[in-house]
Amino acid sequence: MAPVRRLQGDPVPLYEEGSESFTLEVIHGGFFVGSGCNRAYLDGTKVFYDDCDCDSWSALWLEDVIEDLGYEAAGRIDVYWLLPGMQINEDGLRLIESDRDALSMVSKVKEGHKYLMMYLDHEPARKENVCDDKVVDVQGTERNIAVQGALRRSNREVAHEEDGDSGTDSDYVPDIIDSDNDIEDGDDDIYQKYADHEPMHDKLVIPEGENSEDDFFEPADSDEETVMFNFKSFVAEDMNDPKFHNGQIFQSVDQLRKAIREHSCKHRNNIKFPKNDKIRLLAKCEEGCPWELYASKDTSRSKSIMVKRHTSKHTCESKWQVRAFSARYIGNHYVEEIRANEKMTLKGLGQLVQKDWKMTPKRGKLGRARKFAFEIIYGDEVAQYNQLWDFGQELRRSNPGSTFFLLLDDAGHFKRCYLSFDACKRGFLAGCRPIIFLDGCHLKTKFGGILLTAIGMDPNDCIFPVAFAIVEVENTSSWKWFLTALKQDLGIVNTAPWTIMSDKQKGLIKAVTELFPEAGHRFCVRHLWQNFNKNFKGEVLKNQLWKCARSSTVAKWQENMDAMLVLSKTAHDWLEELPPATWVKAFQSEFPKCDVLLNNNCEVFNKYILEARELPILAMILKIKCQITTRIYNKQLEAESMTGTICSKIRKKLEKHVEWSNICEAKPSGNGIFEIMERGTPYIVDIQKQSCSCRRWDLSGIPCWHALSALRHDKISPESYVHDCYSIERYCKAYEHIIWPCRDVREWDKVDAMAIKAPKIVKKVGRPQKNRRQQPEEKEGKNGYKKMSKHGTTIHCSYCGHPGHNKSGCIDYKLGLVPQKNSQKKVRAEPDVSDSDLEDVALVTTEHHLHTMAFVQQGRETYEPEVLTALIDEKASSQREQAQFTPLPDSAFIQQNVLSQMPVQPSTITKEGNLLRKRQVLAAAKLKAAAERREVADQDKFDAVMAKLEQEELQRADAIEKKKSEALARKIANEEKKKAKREAKQLAAEEKKLALAEKKKKAQEEKVALAEKKKLSQEARKKEAEAAKVALAEKKRVAQEGRKREAEKMQLQEEARHKAWEEHLQKVEKEKTTIYER
């Protein structure tokens, strides 16, 4: 079991009798002083580790404990443990060098001691802690002082600092133990804290019994003259190829460490530092190599770090992995290359490193190196959140009128941010049409978030950024917060002249309905088609959907909807449920002079800032600001190159309409009214009203080909009838304001406000996704053609014909039922609803109101020379006039089109420009006189006509009401029919389910009977086998007994033969004896 570090406030554990667990108290961070009975440990910090297990306790656990405290165990720290019941000054410390010492600790625990103490010695190379030094005064007075603890290492706190590259590099070499713990740039505060700033000018400390390396450089004693020293200093240019020699001067130990690290990387040698503090440094190569360097502070001469001893020869072999070649070193070395090519891949960086250094770092180290480089370029990602207050103050100072809001949660974490530049707001109100495009895109940092954007359309039909906000998630609350800030920022009170174009984002529809109740709300038809394509696929339905959306008149829309009804009734019903004013040109307002059906403006802007969305928050805002600033400047240059009165893209559209007008025939009717015939279809054009019955001119403000045919008949220039919102003058007004640059971050005014914490990171499963998820129709195959996908299709069974399964999963097929195939397959389609059901959240916007204050010194009469006065006046005249903050004006487009009438354009065929006006006045006078004469007679006729119109209106209303009631009745009947069919289907399914259950039950019973029969058969065969076995055993026993009797019989016969043979031999022997006796 691993030791558990006790946190502050945790209770002390109680161990049971016989338990083999114990608590280890570790005292670290201090130093030993004195010896014998005066030995002590000073400035130590206590840490407790509970639940240490005797069975697994070893020296490896001690190394884990040391690393958990932030130290490196190898060659740097000695570990002592204190015998229970003894003190430090009683010789109770025992050095832990191997597992044998760790087992000694375990033996004490088994004896009953459950609490042990351990000390860390951060100065293992020094064993003597007290020395008597002889201090020699300049005047010759001698005195002895005892210096205790003077040999304490001054940079042990520096060694405790964590380096982001020290514990994670895959090419770690244990011999190099302090290359990643050197004092880096920016650690001057640590150096100032621990450095000795009191050099001895009048005393020299000479330790007794120890030879100093400084003796070699001590000058000879002289009473007559002062010896001058001229040592060579190490400069920054020498860091490219550092070379060392005796007497070389370094400004600090940190500079020397960097030079040695550079030397280690250049020659690919592992160099370690046995001595490493603020006033001395000893560097050695690996064992067996003579390379060595010793430097210390020269207090009597140069007051700097001087190389006292150096051996420059290397006899060791160059390595392929060097500890000093860390990720931070690589990042610092290649920061400019990465700055020039931010898209540099890890493979490209690895090839560059291998070419320059002949080493191949692991991919993980290259990733960390690139991360360190980005931190140098853009700053710390977390610290940038706390700089937002200062940025807001700097933005208001440099660009008065710009808006910057912040919203924090109760704990001070960043939640939302709103930003809008004054130049963008003024340009939008002065030169753009009253239509706002809204969209949101994801940020690609570890903190995530959504970037909400509000984009306008400039006179050249290009994007015009207005405002953007950073929110935590896209819902109704965030959209309300953003639109509220945008509405107040632009000074919108009357929302009727405005139009909103968006996708069906989460919560956006509800927010627009509440905050822009009278504004027109349009949906992007492309996103509408994506929802449509989920249920109704095919190129034919797609083309018909776009025909319906492009219909500019109600009659044309009805015609296209009827064609959709012929193709698919369910698709027609799906479109009927959508409000036509949100996606059909025929029902959209003519006021904004914009007939776009797509939300491409936001998509273009999101692509425009794609690289910025991967940066930290402040770097992203500054990059977007720089991109918008550059865009405004380029648009100003583009305006200077434009010719004529209208913008370039509008002129191209007009030229295209001129080509299409060749198939039109104009028939004048007088007073600027024409009948235009296009392939047998008549259209009415009114030049004075700038209107056409096709409504394309009314919607866009650009004359359609029917209007151009009429203008061609009267020899009128087409550009003179293009709406003023497309003029170059409006284009220049939109881009006449500039965004002023901000000062350097170090010069920003510091704001005394609440510290901003970074948002809480919500870790998601898997690798973070950076590329947008493509739709199935966007994917391309191997040959570059669009790849057809079966995503969203519904499979149908080839046996029964029902959807949702195939033949292998068909219940009818499994039960053997006769299939009843449907003659028609109906697909239920419902419109996609993407509005958010989230509850409204109280919006609390925190704005840090800061105003730039100018300190003006009170004037007083003083004498000034004329030359000085002239110089002051010349300097004042050469200063650029600063932009003065004034309130935002109202929209110029709305003021011109609502508060004033459009002037009547004179015809070029008249001899005088006002001839048409005279004819109109004369005709009006005649009509007035005739009306006065026929006033009484026409009144009855007028009343009859009005009554007829009212009757027709009532009939039309009755017809519409009847149609609605019939549609409702059909809908109810269809629902009842669907309900009955669904119930019948459910009953059939239940019957099938019961039949299947009955069949399963019967099959189960048959299976049980078969199993019982099989069991009986097995038992019978088992009995027969046992009987046969018994019979076989009996037979074997009888046969064995028979063989036994035969064997006994043969034995008896053998014995009889043997006996007869013996008798025969005895008889023969007897006969022989008888013969010999004779």
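Residues numbered from 1 in each chain as written. Predicted model: local features only at pLDDT ≥ 70, side-chain atom pairs only at ≥ 80, totals over all residues. Heavy atoms only, no water.

A description of the overall build of the chain should follow, citing residues and the corresponding values.
Helices and strands together make up the secondary structure of the chain, namely 28 helices and 27 strands. Taken over 1078 residues, the chain has a buried fraction of 38%. Carbon and sulfur atoms provide 52% of the accessible area of the chain, an area that totals close to 66,700 Å². (Helix = DSSP H or I, 4+ residues; strand = E, 2+ residues; numbered from the N terminus. Buried < 20%, exposed > 50% of the residue type's maximum accessible area, 1.4 Å probe, protein only. Areas by Shrake-Rupley, 256 points an atom, 1.4 Å probe, with all protein chains shown as cover.)

Which residues make up helix α18 (residues 600-608), and what values go with them?
Those residues of α18 that sit buried are N601, C602, F605 and N606. Considered in projection along α18, the buried side chains sweep an arc of 135° and stay on one side of the axis. Elements in contact with the buried residues of α18: β19 (435-442), β20 (450-457), β21 (463-471) and α19 (617-641). (Arc of directions from axis to C-beta. Contact = heavy atoms within 4.5 Å.)

Tell me what's going on with the sheet that holds strand β6 (residues 78-82), and back it up with residues and numbers.
Sheet architecture is open: six strands sit in the order β1-β5-β2-β8-β6-β7, paired in mixed fashion. Each edge of the sheet is formed by a strand with only one pairing partner; in this case those strands are β1 (4-5) and β7 (93-95). Taken together, the five bridges between strand β2 (residues 21-28) and strand β8 (residues 115-121) define a ladder with parallel strand orientation. Paired with V26 across the two strands is M118, which belongs to β8. (Pairing = 2+ DSSP bridges.)

For unusual backbone geometry, give the residues involved together with the corresponding values.
The backbone of D51 sits at a positive phi, close to 60°, despite the residue not being glycine. Along the chain, D51 falls in strand β5 (residues 45-53). You will see that K593, though not glycine, has its phi angle at about 55°, which is positive. One can find K593 in the loop between α17 (569-576) and α18. We classify K593 as buried; its relative accessible area is 14%.

Could you give an account of the pairing of strand β16 (residues 305-311), with specific residues and numbers?
Of all the seven residues making up β16, five are buried; the element is thus mostly covered by neighbouring parts of the structure. Two elements, strand β12 (residues 249-250) and β16, share two bridges in a ladder whose sense is antiparallel. Directly across from F250, in β16, lies its bridge partner I305. Here strand β15 (residues 292-297) runs beside β16; their pairing, made up of six bridges, is antiparallel.

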